[in-house]
Amino acid sequence: MILLGSTGSIGVNTLKVAKKHNIDVEVLVAGKSIELLNKQIKEFHPKYVVVQDKDDVKDVCHDRVYHDGNGILEVLNKAKSNLVVNSLVGFAGLKPTLEAVKLGKKLALANKESLVVGGEFIDTTNITPIDSEHFGLWYLMGDKKVSSMTITASGGSFRDTPLDKLKTVTVKEALNHPNWSMGKKITIDSATMVNKLFELLEARWLFDTDKIDALIETKSIIHALINFVDGSTTAHIAGVDMKLPISYAVLDRVDDEVLKPVDLLEVGSLEFRKIEEDRYPIWSIKEQILKNPHLGVVINAANEVAIEKFFAKELGFLGISDTILKAFKKFEDTKANSTEELFEIDKEVRKFCNF
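Residues numbered from 1 in each chain as written. Predicted model: local features only at pLDDT ≥ 70, side-chain atom pairs only at ≥ 80, totals over all residues. Heavy atoms only, no water.

**Section: the nonpolar core**
Within the largest apolar cluster, 82 residues are counted, with the highest numbers of intra-cluster contacts made by Leu137 and Val349. Broken down by element, this core gets its largest block of residues, nine residues, from helix H13 (residues 296–311). If sequence neighbours within four positions are ignored, leucine 137 has contacts with Met149, Thr150, Ile151, Ala203, Phe207, Ile212, Ala224, Leu225 and Ile226. By size, the runner-up hydrophobic cluster in this structure holds 25 residues, among which are Ile41, Val60, Ala249 and Val250. (Core = buried A, V, L, I, M, F, W, Y, C linked by side-chain atoms within 4.5 Å. Buried < 20%, exposed > 50% of the residue type's maximum accessible area, 1.4 Å probe, protein only. Helix = DSSP H or I, 4+ residues; strand = E, 2+ residues; numbered from the N terminus. Contact = heavy atoms within 4.5 Å.)

**Regarding the packing of aromatic side chains**
Inspection of every chain in the model, using the stated rule, returns 12 aromatic pairs. By way of ring pairs, the aromatic residues Phe135, Trp138, Tyr139 and Tyr248 are connected into one cluster. The ring of tryptophan 205 is capped by arginine 204, whose NZ or CZ atom sits 4.9 Å from the centre of that ring. For the cation-ring pair, arginine 350 lies above phenylalanine 91, with the distance from its terminal atom to the ring centre recorded as 5.4 Å. (Phe/Tyr/Trp six-rings, centres within 6.5 Å; stacked < 30°, edge-to-face > 60°. Lys NZ or Arg CZ within 6 Å of the ring centre and 35° of its normal.)

**A few points about the pairing of strand E11 (residues 233–237)**
Across five bridges, the pairing between strand E10 (residues 222–228) and E11 is antiparallel. For isoleucine 222, the partnering residue across the bridge sits in E11 and is isoleucine 237. Counted along the chain from E10 to the antiparallel partner E11, the turn is four residues long, and its residue glycine 231 has a positive phi close to 100°. (Pairing = 2+ DSSP bridges.)

**Things to note about the pattern of salt bridges**
Inspection of the entire model under this criterion finds 27 salt bridges. The partner of arginine 350 in a salt bridge is aspartate 346, and the shortest N-O contact between them spans 2.8 Å. Remark: aspartate 346 and arginine 350 occur in helix H15 (residues 339–353); sequence separation between them is four residues, near one turn of the helix. Exposure class is identical for arginine 350 and aspartate 346. Each is buried. Each of Lys112, Asp131, Glu133, Lys196 and Glu199 takes part in a single network of salt bridges with overlapping partners. (Salt bridge = Lys/Arg side-chain N within 4 Å of Asp/Glu carboxyl O.)

**As for helix H6 (residues 132–140)**
Buried residues dominate H6, accounting for seven of its nine residues. Listed in full, the buried residues belonging to H6 are Ser132, Glu133, His134, Phe135, Gly136, Leu137 and Leu140.

**What about the pairing of strand E5 (residues 83–86)?**
Here E5 shows no split at all, with Leu83 and Val85 on one side and Val84 and Asn86 on the other all buried. Across three bridges, the pairing between strand E1 (residues 2–4) and E5 is parallel. Directly across from isoleucine 2, in E5, lies its bridge partner valine 84. Of the strand pairs in this sheet, E5 and strand E6 (residues 106–109) are connected by four bridges, and their pairing is parallel. When the sheet's bridge partners are listed, asparagine 86 is paired in E6 with leucine 109. In the classification by handedness, the crossover that spans E5, the intervening helix H4 (residues 94–102) and the parallel E6 is right-handed. (Right-handed = clockwise from strand over helix to strand, strands pointing away.)

**Focus on the sheet that holds E11**
For sheets, the rule is that strands pair by backbone hydrogen bonds, running either parallel or antiparallel. In spatial order, the strands read E11-E10-E8-E9-E12; together these five strands make up an open sheet with mixed pairing. Every other strand in the sheet has two partners, leaving E11 and strand E12 (272–273) as the edge strands with one partner each. Across the sheet, H6 touches strand E8 (146–153), strand E9 (212–217), E10 and E11, and the angle it forms with E10 is around 40°. (Axes fitted to C-alpha atoms, helices over the stretch in contact; angles between N-to-C directions.)

**Digging into the sheet that holds E6**
Strand order in the open sheet made by the seven strands is E4-E3-E2-E1-E5-E6-E7, with parallel pairing throughout. Pairing within the sheet leaves two strands with one partner each, and these edge strands are strand E4 (65–67) and strand E7 (127–129). Mean inter-strand twist for the sheet, computed between neighbouring axes without regard to direction, equals 15°. Where helix H3 (residues 68–78) meets the sheet, its contacts fall on E1, strand E2 (27–29), strand E3 (48–51), E4 and E5, and the angle it forms with E4 comes to roughly 130°.

**Brief notes about unusual backbone geometry**
Outside of glycine, negative phi angles account for most residues, and trans bonds account for most peptide bonds. In this structure, methionine 193 takes a positive phi of about 80° despite not being glycine. Note on placement: methionine 193 falls in the loop between helix H8 (184–192) and helix H9 (194–206). In this structure, serine 220 is a non-glycine residue whose phi angle is positive, near 55°. Within the secondary structure layout, serine 220 lies in the loop between E9 and E10.

Take a look at the structure:
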């Protein structure tokens, strides 16, 4: 396999699956975690390695090290592996996704921004999502006629915080997820509910439907539900462990136990909540974005700029959603006619949000 984002949580879990099933790892791509990358190189002996910055190349214990986005594209073309696992974070994952699709490789996709930004230009035929919600939807689908789909949200770090306190919450508080530990960006996206808006867009492209919604399930035991036209609903219940969707995305078929079944007696009860706009202002554009999914490029660019400002303490927590909504209004009549135009729109939105 070719593993993009090997030192993040998805990458680390993907390597556990690769080790268990003796999958050869031809390429490792990492960001700034060089120490962990060197440990992975020692264990998996990749043919090629790519890091984010040129200055880090000298510190990598390998004789074929490339750097930056161009390095990733070059290695994708050099490598013989047919399987690409893309777990890069943010907009940086789009070009590798487009290249992998162009090369006809099978793509296990954890980089949700790829479909959020460029879904209309991406053939999803050879794409398998690494995401508990979309995996759950796929797992539940049979030959029955589907009425609608529902994915679940944890509610994020501030699901129980009094609304009048949200103006003053800190970065440290925002990164304190109630259910699990994830990367910094996705934890903030969970708190603002941007992550779930992104997942609705992903489902829009993956399953060719706008009959998709989300609700909060506080224990994160139910990941997805499908409502059938006969009036019945099925739910996908599983523990919170990404090795399950990773295993299916990488192996196609799984015949051994990946997780222990959920003990419902131990769970005891489940709580469902509506996603309210006063707590999650971004939810006010849910219907618009599902009707105009090409505007995902606007939301993503604005979100990435706003999160950087939040981490730099130049913006309060509520300012993230405010920045996205202002950009959405400004660029609501924008539409890319090519992938090249996507990158131009991305630049324009970032410029607007950086004033």
